[in-house]
Amino acid sequence: MREARFHIPAPGGVECTLCPHHCRIPEGGRGRCRSRECRDGKLWALSYGAPCALAVDPVEKKPLNGFLPGTYCLSLSCTGCNLSCRWCQNSDISQAAPGEVECTVLTPEEAVDLCIRRGLPSMAYTYTEPFTWWEYMYDMAVLARRKGLKNILVSAGYVEQEPLRELLPYLDAANIDIKAMDDGFYRTWCGARLAPVLGNILALHEGGVHVEVTNLLIPGLNDSDGQVRALCHWMVDHGLQAVPLHFSRYFPRYRMREPGMTPKATLLRAKGIAQDAGCETVYLGNV
Ligand code: SF4
Ligand code: SF4
């Protein structure tokens, strides 16, 4: 546990300003991400130094196809997410609170040292929502950069501008998930909003970070021609035509039993729409 950044006093507690939810957290309470708790009028990052997942992954698994291809990264995650996607593939850790799943103790120094000893060129903050453990990620990213390692962010991109701005100089690559080009979809299925995500993708790109975008296509929910076209045109219209775009196959998980997995034809259709719109590099994932 570590005292958290990004909060202001609020009646009876604090207001967390890390992400657009701006949770009002009463004394003894936790925010929506379950990772940040108010105690003694302060906000605490509960999972600091306590990763619940640690693995060595090919960088293509993030997915990143245009950044250090053929290499492996030290992938690390703590519990917590500020979204609540009903199909979450990692719900056992993303929707858990610190203490509900087994964690290991690993300081930022030990994590970076482990990456170096394994001969890996990069650290990846991934699996859950890394912004909900911002302090831990930030400390690791600063150290990793100092030691000549690269930093990879895998995120839904739902964060306020200030925490992103502080982290950005230490990031080398990011894969950001756009759930759908539809604010109603975000509100109904993910408990979030679209606009901050789009703004943050642009900020990362303009900040010189290698960005790739993922779009999970769910039959009947976000896979219409219109939805796919809107996403692709937004990318091209904002100068992101060269940003690799990954259309990913959905499988029923967590609270979603229906619909069934995405047909391959849907992914191929999306790829065609993206190419027609001017997206230069389109990949299909989970197939
Ligand atoms: S980071 Fe967590 S506690 Fe802070 S505003 Fe977002 S959901 Fe709430
Ligand atoms: S943003 Fe990712 S980790 Fe969080 S609930 Fe959605 S799918 Fe799961």
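The present account deals with the structure reproduced in this document. (Residues numbered from 1 in each chain as written. Chains lettered and ligands numbered in written order. Predicted model: local features only at pLDDT ≥ 70, side-chain atom pairs only at ≥ 80, totals over all residues. Heavy atoms only, no water.)

Moving on, we get to the site of ligand 2. In the vicinity of ligand 2, the residues found are Cys 81, Leu 83, Cys 85, Cys 88, Ser 94, Gln 95, Tyr 127, Ala 156 and Lys 179. Under a 2 Å grid-point criterion requiring more than half of the atoms, the pocket assigned to ligand 2 is the largest pocket. Taken together, the residues that form the shell around ligand 2 break down as six nonpolar, two polar and one charged. (Near = heavy atom within 4 Å. 1 Å grid on protein atoms, 1.4 Å probe; cavity = no way out; pocket = protein on both sides within 12 Å on 5 of 7 lines; lining within 4 Å. Sits in = over half its atoms within 2 Å of the grid points. Nonpolar A, V, L, I, M, F, W, Y, C, P; charged D, E, K, R; others polar.)

Space left empty within the atom packing is revealed by a probe, the size of a water molecule, rolled over the atoms. Inspection of the entire model under this criterion finds one cavity of 30 Å³ or more. Size it by volume and the largest cavity reaches roughly 100 Å³. Considered class by class, the residues forming the lining of the largest cavity number six nonpolar, four polar and two charged. When residues of the lining of the largest cavity are assigned to domains, at least three map to each of domain 1 (2-45) and domain 2 (53-285). (Points joined across faces, edges and corners; volume = space filled by probe spheres on them. Domains from an automatic or database assignment.)

Before going further, it helps to spend a moment on the site of ligand 1. Around ligand 1, the surrounding shell consists of Cys 16, Leu 18, Cys 19, His 21, His 22, Cys 23, Ile 25, Gly 31, Arg 32, Cys 33, Arg 36 and Asn 82. Judged by the fraction of its atoms near the pocket grid, ligand 1 is located in the largest cavity. Considered class by class, the residues forming the shell around ligand 1 number six nonpolar, four polar and two charged.

Sheet topology places strand β2 (residues 7-10) next to strand β3 (residues 13-16); four bridges connect them, and they run antiparallel. Counted as the bridge partner of Pro 9 is Val 14 from β3. What sits between the antiparallel neighbours β2 and β3 is a turn of two residues, in which Gly 12 has the positive phi angle 80°. (Pairing = 2+ DSSP bridges. Helix = DSSP H or I, 4+ residues; strand = E, 2+ residues; numbered from the N terminus.)

It is worth spelling out the pattern of salt bridges at this point. Tallied over the full model, the rule gives 14 salt bridges. A salt bridge links Asp 225 to Arg 269, with the nearest nitrogen and oxygen atoms 2.5 Å apart. Placement of the pair is Asp 225 in helix α7 (residues 225-237) and Arg 269 in helix α8 (residues 264-277), with a sequence separation of 44 residues. What makes Asp 225 partly exposed here is its relative accessible area of 32%. Connected through shared salt-bridge partners, Arg 30, Glu 37 and Arg 39 make up one network. (Salt bridge = Lys/Arg side-chain N within 4 Å of Asp/Glu carboxyl O. Buried < 20%, exposed > 50% of the residue type's maximum accessible area, 1.4 Å probe, protein only.)

Glancing now at the pairing of strand β14 (residues 282-285). One ladder, built from four bridges, connects strand β13 (residues 245-249) with β14; its direction is parallel. Note on β14: the bridge partner recorded for His 246 is Tyr 283. The parallel pair β13 and β14 is bridged by α8, and the resulting crossover is right-handed. (Right-handed = clockwise from strand over helix to strand, strands pointing away.)

Take the packing of aromatic side chains next. Taken as a whole and judged by the stated rule, the model has six aromatic pairs. Between Tyr 48 and Tyr 136 the ring centres are 5.3 Å apart and the planes differ by 55°, which places this aromatic pair in the tilted class. Residue Tyr 48 is located in the loop between β6 (42-45) and β7 (53-58), and its partner Tyr 136 is located in helix α3 (residues 134-146); the two are separated by 88 residues in the primary sequence. Among the residues examined, Tyr 136 registers a relative accessible area of 1% and is labelled buried. When the centroid spacing of 5.7 Å and the interplanar angle of 85° are considered together, the rings of Tyr 138 and Tyr 170 count as edge-to-face. In this pair, Tyr 138 is assigned in helix α3 and Tyr 170 in the loop between α4 (161-167) and β11 (173-177), connecting sequence segments 32 residues apart. Linked through ring pairs, Phe 6, Trp 134, Tyr 138 and Tyr 170 together constitute an aromatic cluster. A cation over a ring is seen here: Arg 5 above Phe 6, with NZ or CZ 4.6 Å from the ring centre. (Phe/Tyr/Trp six-rings, centres within 6.5 Å; stacked < 30°, edge-to-face > 60°. Lys NZ or Arg CZ within 6 Å of the ring centre and 35° of its normal.)

Remember that the coordinates give geometry; whether it matters functionally is a separate question.
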